[in-house]
Amino acid sequence: MLLSISLSVHSAENEALTQSQIDLQAVLLQHKGEVVYLDFWASWCVPCRKSFPWMNKMQQQHQHEGFAVISVNLDAEHSLAKAFLTRNNANFPVIYDPKGHIARHFKIKGMPSSMLIDREGKIRQSHSGFFSNKIKSYEAEITALLNQ
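None of the values given here were measured: they were computed from a predicted structure.

> Even after reading the chapter, I still don't get the pattern of salt bridges, so can you show me in this structure?
Side chains that differ in sign of charge can pair as their charged atoms come close. Under the definition given, this model contains one salt bridge. For D118, the salt bridge identified is with R124, shortest N-O distance 2.9 Å.

Take a look at the structure:
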């Protein structure tokens, strides 16, 4: 179950959860039992600019069915993320992971990357990149999990 997976980083210099990991766990717990679209993004990511309006739309269309979008920003400088969000509205939680601890935990390879998590907390789909020609496929995956 994803919600019970420890996000702790086991290294000589950091045995405790980072603030970003604590923040993500708290938001995931708020959405326990829901289908979650977990999105990793950065301010320099061109496809991220296209994914944000779509994620807002999905959040609005499906939140009453138990669906939530949660995003994780990987910018080292918080000001870059804030500037991006000024131009690209996010109607969903944004977790800041400037050191990439969460991204390493999930083995993120590219921007944006997303995971679709079912109501039991299991990752059912993952995608690297955001492609306009695959939107219908992304939406079908969300609908399928919502209908389970």
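From this point, the narrative continues.
> Before we go on, may I ask you to explain the sheet that holds strand β3 (residues 94-96) in this structure?
The strands making up a sheet are joined through hydrogen bonds of the backbone, oriented either antiparallel or parallel. In spatial order, the strands read β3-β2-β1-β4-β5; together these five strands make up an open sheet with mixed pairing. Looking at which strands have only one partner, the edges of the open sheet turn out to be β3 and β5 (123-128). On average, each strand axis in the sheet is inclined to that of its neighbour by 20°, with strand direction left out of account. Here strand β4 (residues 113-117) runs beside β5; their pairing, made up of five bridges, is antiparallel. For I117, the partnering residue across the bridge sits in β5 and is I123. The strands touched by helix α1 (residues 19-30) are β1 (35-41), β2 (67-73) and β3; relative to β3, the strand with the most contacts, the crossing angle is about 160°. Packed on one face of the sheet, helix α3 (residues 78-87) meets β1, β2 and β3 and runs near 165° to β3.

> How should I be thinking about the state of the cysteines in this particular structure?
Cysteine pairs can be covalently joined through their sulfur atoms, and such a bond is termed a disulfide. Taken as a whole, this structure holds one disulfide when the rule is applied. The side chain of C45 participates in a disulfide bridge whose partner is C48; the two sulfur atoms lie 2.3 Å from each other. Across the S-S bond of C45 and C48 the torsion is about 90°, and the bridge reads as right-handed. With relative accessibility at 0%, the residue C48 sits in the buried group.

The rules we used
Position numbers for residues count from 1 along each chain, tracking the sequence in the order it is written. Confidence filtering applies because this is a predicted model: local features only for residues at pLDDT of at least 70, side-chain atom pairs given and counted only at 80 or more, and all residues used for totals across whole chains, interfaces and linings. Hydrogens and waters are ignored; side-chain quantities use all the structure's heavy atoms. Salt bridges are identified by distance alone: a Lys or Arg side-chain nitrogen within 4 Å of an Asp or Glu carboxyl oxygen. A pair of strands is labelled paired if DSSP reports no fewer than 2 bridges between them. The secondary structure listing takes helices from DSSP runs of H or I that are at least 4 residues long and strands from runs of E that are at least 2 residues long, numbered from the N terminus. As a rule, the C-alpha atoms of each element are fitted with a line to give its axis, helices using only the stretch in contact, and angles between N-to-C directions run from 0 to 180 degrees. Two residues qualify as a contact provided that any one of their heavy atoms is within 4.5 Å of a heavy atom in the partner residue. Cysteine sulfur atoms are paired as a disulfide whenever they come within 2.5 Å of each other. Throughout, exposure labels follow a simple rule: accessible area from a 1.4 Å probe, protein chains only, divided by the maximum for the residue type, with under 20% read as buried, over 50% as exposed, and the rest as partly exposed.

That's the geometry; what it means functionally is another story.
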